[in-house]
Every structure is written in structure tokens, then in C-alpha cells.
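Structure at a glance
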There are 2 protein chains.
Amino acid sequence: MTMRRLINGTPDQVLEPADRGFMYGDGLFETMLWSNGVIPLWTHHMERLQDGCSRLGLTSPDETQIAQDREQLCQGEPSGVFRLQITAGVGGRGYARPPVPKVTRVAAFTPVPRYPLAYWRDGIAVHRCRMRLSRQPLLAGLKHCNRLEYILARGEWEHPDFVEGLLLDQQGHVAEGVQSNTFAVVGDRLLTPTLVDYGVAGVMRGYVLRLAESVGLRPQTGRFSLGTWLQADEVFMTNSLIGIWPVRRIGDSEIPLGPVSMKLRAALLAAGIGLESILERGVV
Amino acid sequence: MTMRRLINGTPDQVLEPADRGFMYGDGLFETMLWSNGVIPLWTHHMERLQDGCSRLGLTSPDETQIAQDREQLCQGEPSGVFRLQITAGVGGRGYARPPVPKVTRVAAFTPVPRYPLAYWRDGIAVHRCRMRLSRQPLLAGLKHCNRLEYILARGEWEHPDFVEGLLLDQQGHVAEGVQSNTFAVVGDRLLTPTLVDYGVAGVMRGYVLRLAESVGLRPQTGRFSLGTWLQADEVFMTNSLIGIWPVRRIGDSEIPLGPVSMKLRAALLAAGIGLESILERGVV
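If you're wondering where the values come from, they're calculated on a predicted model, not measured in any experiment.

Calculation rules
Residues numbered from 1 in each chain as written. Chains lettered and ligands numbered in written order. Predicted model: local features only at pLDDT ≥ 70, side-chain atom pairs only at ≥ 80, totals over all residues. Heavy atoms only, no water. Helix = DSSP H or I, 4+ residues; strand = E, 2+ residues; numbered from the N terminus. Rg over C-alpha atoms; globule rule 2.2 N^0.38 Å. Buried < 20%, exposed > 50% of the residue type's maximum accessible area, 1.4 Å probe, protein only. Areas by Shrake-Rupley, 256 points an atom, 1.4 Å probe, with all protein chains shown as cover. Lys, Arg positive; Asp, Glu negative; His and termini not counted. Charge placed at Lys NZ, Arg CZ, Asp CG, Glu CD. Contact = heavy atoms within 4.5 Å. Buried area = accessible area lost by both parts, 1.4 Å probe. Salt bridge = Lys/Arg side-chain N within 4 Å of Asp/Glu carboxyl O. Axes fitted to C-alpha atoms, helices over the stretch in contact; angles between N-to-C directions. Parallel < 35°, antiparallel > 145°, perpendicular 65-115°, else oblique. Left-handed = near helix turned anticlockwise from the far one by under 90°. Nonpolar A, V, L, I, M, F, W, Y, C, P; charged D, E, K, R; others polar. Polar contact = N/O pair within 3.5 Å; in protein donor to acceptor, adjacent residues only side chain to side chain. Least-squares fit on C-alpha atoms with pLDDT ≥ 70 in both. Core = buried A, V, L, I, M, F, W, Y, C linked by side-chain atoms within 4.5 Å. Pairing = 2+ DSSP bridges.

1. Some points on the overall build of chain A
A tally of helices and strands in chain A yields nine helices and 13 strands. Its C-alpha atoms give chain A a radius of gyration of 19 Å, near enough to 19 Å, the size a compact globule of 284 residues would have. If you line up chain A on its principal axes, its C-alpha atoms span 50 × 45 × 35 Å. Within chain A, the fraction of its 284 residues that count as buried is 61%. For chain A, the accessible surface area stands at approximately 10800 Å², while carbon and sulfur atoms represent 50% of it. In chain A, 30 positive and 29 negative side-chain charges are present, and the distance between their average locations comes to 2 Å.

Here is the structure:
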């Protein structure tokens, strides 16, 4: 099965090379997991998309249009990845948008990635990225389409032992993963970096922060050093597809596996959220 | 006349929504002026493109291919804008590129913008942008396709009195214009911001720096305060299309017009470089 897609709701429309998404990365996207006939945390994805559109000055498409795309692409599939991209569309001279941009909406469906179940059960090794994230409060938190920093970071390693990369900011604080958010367990605290200056405020990050108290932890966002991560009781990565991956190594440093990420994993499995339950049941 | 374009050298090919240029802004572009049957400073544009591809890990297309695009789109036209975009093409999972990306090459031709000649002769008013450029040495200088900061900055003003915007960095240093580079004349020095941390190293910026001594000035790149710009003897903006626009106002501050920008303007006119000579002769 290859990628299927809709542009502005139709399979026939082609993408204009003058689309501002192509010319300037002028847009946003959401990556969502289709699982058991639903997209878990759908309302959170839609809220983030609307918030992002609003911050970038774009008119968010109607949620019913997006739901129609979802039904048209996903219905009848046991599982898959539903990706939605909104751009500022065609037009405008140079960087100036038209007064009322007519957004382009691209929905795409692909099979789920078949990661080994060991990533969830035994944890992953994470590369320490040399690329340092820039500070831009006006874009921080958004899942926007300007992703060159992440592409450069992802290009730092080829060895398949490393499944993810850990990104620091320019002061050396832990920021996030290349395609995920990151958490550390220290005593009874669940730490995750604040994303007011950079980073993607993941839907799964929000979900895990809300779950924290149910596993006896006090959630805390802030600025944390790499040392805090390397000496943590546990470290794990999250995103909407994977749910939670425990981290067993960052660069050359071993990280202990522990009960918290396993409890959170179990909570996600029980709620049918994340790729692990799909791969475990083989419904791909 | 509308936009004409070629994708990978042909008018028939369509752009894939899975192109990394569309998904992530994973690419570079050059904006060039077609004038009198040539593109002034062509070799500098090609060098910058090759350098940019190399820094982003992309294989630059052969210059003869690009020259063929240019001939196919521009030949027979009295003037126009030739824009070339190179992206990392289709493929890869998430931010990881394929091991050898097959680049997408999009060439487009549009008529020249018909700016009033007063912009050159009487100078322009420049908005003081609130958006502060982020610091990212790995991308600094490149004309890459991650342009959201510039789009946000350009969205700060609508009033047509303002023709350009002046961008500062997060420490308050002058950085560049939204679509141009900026210079200040202070005594016998020609100042322009260093672009090691952000910004686009314009081909016209390089040309003007090389011209400086011919008009009796010592070129100097460095970090300069907004105050230096507001108190300068002269300020002007440059890019490959406009050549040079003197600045007569930055925000509420009047800036004197002076002889240096007029001498450099005359040098560009004499060399047939920049839009002014096209508009003056009416060859649009």
C-alpha cells in the first residue's frame, strides 16, 4: 500500500509549485495515529492545529472538512498514519501573504511504521545531537513546516542502533527529541522541558503530563541540564505515534529502565493509544 | 503574462505533496533578475546555490541544467524574474532523508515587479520589525526555504508607505531587511551586519561590498546597534532584484539621503545590474 492523499478534499487536485508551503514552508502539520477506527486524542490534535493556525495568521479549515478527509482516507483500514498539512496556499508577492490567504489542505494516509516491539519493552538508544535548537518564541510549540534544524539533526547519525536524537538548546538545556518530546523521572518529579522558546508541544506530551499524578508523580516543566537527564531515574520519549519509548542510553551514557515509563506504557496500552497496541495485535 | 515553470526541466511534471520541500521546507532557492538577455552576477548565484546545497547535504544540479531552464523560460523575454528552487525531493521517513536524496528542481519565470522609480530616487520608508531573528549558525547565510520568521515579520505591516522591514537579532543588533540586506555609511566606513548567526548572504550584498572601495569607503562587517543605523550618514537596502534602495526613514526616524547610495546606484545602472535600469527603459 502506498501513500494516498487528498488535496483540498479531492484526490485529483495537484499541488502548485507556487504554494507558499513549498516556497517557504509557510504552514503547519499534524501527524495522527488511526487505530481501531478512531484517532486517539483527536480533539487535542484539532485544538493544536487551530491554535497554530491562529498564531500563524491562517484560517483553520473547518473540523468537519478534516473529519471528512479522515473518513475518506482511513475508513476500512485497520491502522495507519493520518497526516494533515495546512499551508498559506498560493499567492502573495515574496514573503507577504495575500490579505486573506486561501489555505491549502493536504491529507495523507500511510501504513504505520513497523518499529520493533523491543523499542517499547527494552528501551531505545538516543543520539546526542550536536545541532543546537535556535530560540524563537513566536514559533515555539508549533508543529510548523520549517523543519531544517530537525533535518540537520537527524542527518547527524546513520547507525540504526540510534532510534532517536536528543536536542539541546543553545545554552545546553535539554529541549526535546528530533521527532518526540522527552521526559525525565527524578524522585517523585516528572520533568519535561518548557517549550516557550523552541520545540513542538506534542499532543502526547500533554497527555502524559495529565497522566503524571495517576502514577504518583508531580509534573514539572522548566529548563533542565543534560546532566539532569543523564543522571535521571528514568528517561523516556513521547509522540502521538509511538506513545512512549523508554530510553536505555543517551550517547555513551546508560540510563536505567524503571517503573514509571512502564506504568505509563501500560496506561496507554489499556487506553488503546499509540502504536504499540497496534503492532502487538498485528493489525497493520 | 502569468508564471511559467519547469519541474526537473519539464513543463508537464507535477509537484508531489510528499516532496520534502513542501513537507518541511527542505531546500534552497535563488531569485535572479533576467535583464538584457543575461542574469547579472550569474556565477555568484550559482556559487551560492552550490555552497548552500553542500551545507544542507544536497547534490546541486548541474549548472548546465539550470542554464537550460533559464534559456527555456527567459529567452525572448525583455526582462523578468527567474527563480530556482532546489529541494531534497520525495522520500525518507520523517525528518530522515533518503541516503542519496534525488533533488527536485523547480524553475519559474515571472514578470518583474513594477516598483515606482521613486524608491530608487527618493528612498524608501522602512518598518522596524518587532520579530527578532533567531540565531542558527548552521543555517546562517543560506537562502533556504524555512521562511516563517520573515513571513511573520512581513505580516507586521500593511501600510503601503513602508516598502521594507528592518530586522534585528535577539540582542538588538541590526541584521538585515525582510527581503534585502542593509548597509549604513558612517564616515568613510560602509557597515553591514555579519551573517554568521542568521540572515541571507545576498549576492548583491557581496557585489556592493566589493564596490565599496571604488566609492572611497572601507567595508566593515560586524555587529551593529540600531542606534548606529538611525544615526548613520546614509542607509540603504540591497538585493538582486532591486539593486540598491536608499532609505529615507526607519520607523519614525528620518535618515538622510546622501552621495554614497547614489554613486552605487549609478554604478549599478552603468553596469546594467538591477531593476532600476529595466524600469527606466520600460523593458518590462
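Here the narrative resumes.
2. Brief notes about the interface of chain A and chain B
With 53 residues of chain A at the contact, the number on the chain B side is 53 residues. Summing the contributions of chain A and of chain B, the shared interface buries around 4300 Å²; its carbon and sulfur component is 67%. It is Phe22, Tyr95 and Leu148 of chain A that lose the most area in chain A upon contact with chain B, and together they represent 21% of the buried surface on that side. The partner of Arg5 of chain B in a salt bridge is Glu16 of chain A, with the nearest N and O atoms 3.5 Å apart.

3. Points about the packing of helix 6 (residues 203–211) of chain A against helix 8 (residues 259–271) of chain A
Residues and elements named next belong to chain A. Contact geometry for helix 6 and helix 8: axes closest at 11 Å, N-to-C directions at 110 degrees. Here helix 8 runs roughly perpendicular to helix 6, going by the angle between their axes. With respect to the hand of their crossing, helix 6 and helix 8 are arranged in right-handed fashion. Across the interface between the two elements, Met204, Tyr207, Val208 and Leu211 of helix 6 pack against Leu264, Ala267, Leu268 and Ala271 of helix 8. A breakdown of the residues in the contact of helix 6 with helix 8 according to their chemical character gives eight nonpolar, no polar and no charged.

4. Things to note about the side chain of Asn239 of chain A
Residues and elements named next belong to chain A. Position of Asn239 relative to the elements: it lies in strand 11 (residues 234–239). According to the relative accessible area criterion, Asn239 is buried, its value standing at 15%. A polar contact is formed between the side chain of Asn239 and the backbone nitrogen of Ile242, at a distance of 2.8 Å. Setting aside its immediate chain neighbours within four residues, Asn239 contacts Gln179, Ser180 and Met204.

5. Observations concerning the relation of the copies chain A and chain B
When chain A is brought onto chain B, the operation consists of a screw motion whose angular component is 180 degrees and whose axial shift is 0.0 Å, with 0.0 Å RMSD remaining. This pairing of chains is accounted for by a two-fold axis. Counting the interface residues of chain A, we find that 100% of their copies in chain B are interface residues as well, pointing to one common contact surface.

6. Points about the nonpolar core
Generally speaking, soluble globular proteins have nonpolar side chains that are buried together. Core analysis: the biggest nonpolar cluster contains 46 residues, and Leu167 and Val178 of chain A together with Trp42, Leu56 and Phe82 of chain B have the highest contact counts within it. Residues contacting Trp42 of chain B, with those up to four places away along its chain left out, are Met32, Glu63, Ile66, Ala67, Arg70 and Phe82 of chain B. Core analysis: the second largest hydrophobic core is formed by 45 residues, Tyr95 and Phe109 of chain A together with Phe29 and Tyr198 of chain B among them.

7. Some details on the sheet that holds strand 1 (residues 4–7) of chain B
Adjacent strands of a sheet pair through backbone hydrogen bonds, lying either parallel or antiparallel. Residues and elements named next belong to chain B. Taken in spatial order, the four strands of this open sheet run 1-4-3-2, and their pairing is antiparallel. If you trace the sheet from one side to the other, it starts and ends with strand 1 and strand 2 (27–35), each paired once. Between one strand and the next, the sheet's axes are offset by a mean angle of 15 degrees, whatever the strand orientation. In the packing of helix 3 (residues 63–74) onto the sheet, the strands contacted are strand 1, strand 2, strand 3 (79–87) and strand 4 (104–110), and the crossing angle to strand 4 comes to about 30 degrees.

8. As for the sheet that holds strand 4 (residues 104–110) of chain A
All names here are of chain A. Taken together, four strands build an open sheet; the order of strands is 1-4-3-2 and the sheet is antiparallel. Both outer strands of the open sheet, strand 1 (4–7) and strand 2 (27–35), are each paired with one neighbouring strand and no more. Neighbour to neighbour, the strand axes of the sheet diverge by 15 degrees on average, direction disregarded. Of the strand pairs in this sheet, strand 3 (residues 79–87) and strand 4 are connected by seven bridges, and their pairing is antiparallel. Bridged to Gln85 within strand 4 is Val106. On the sheet, helix 3 (residues 63–74) packs against strand 1, strand 2, strand 3 and strand 4 and is oriented at approximately 30 degrees with respect to strand 4.

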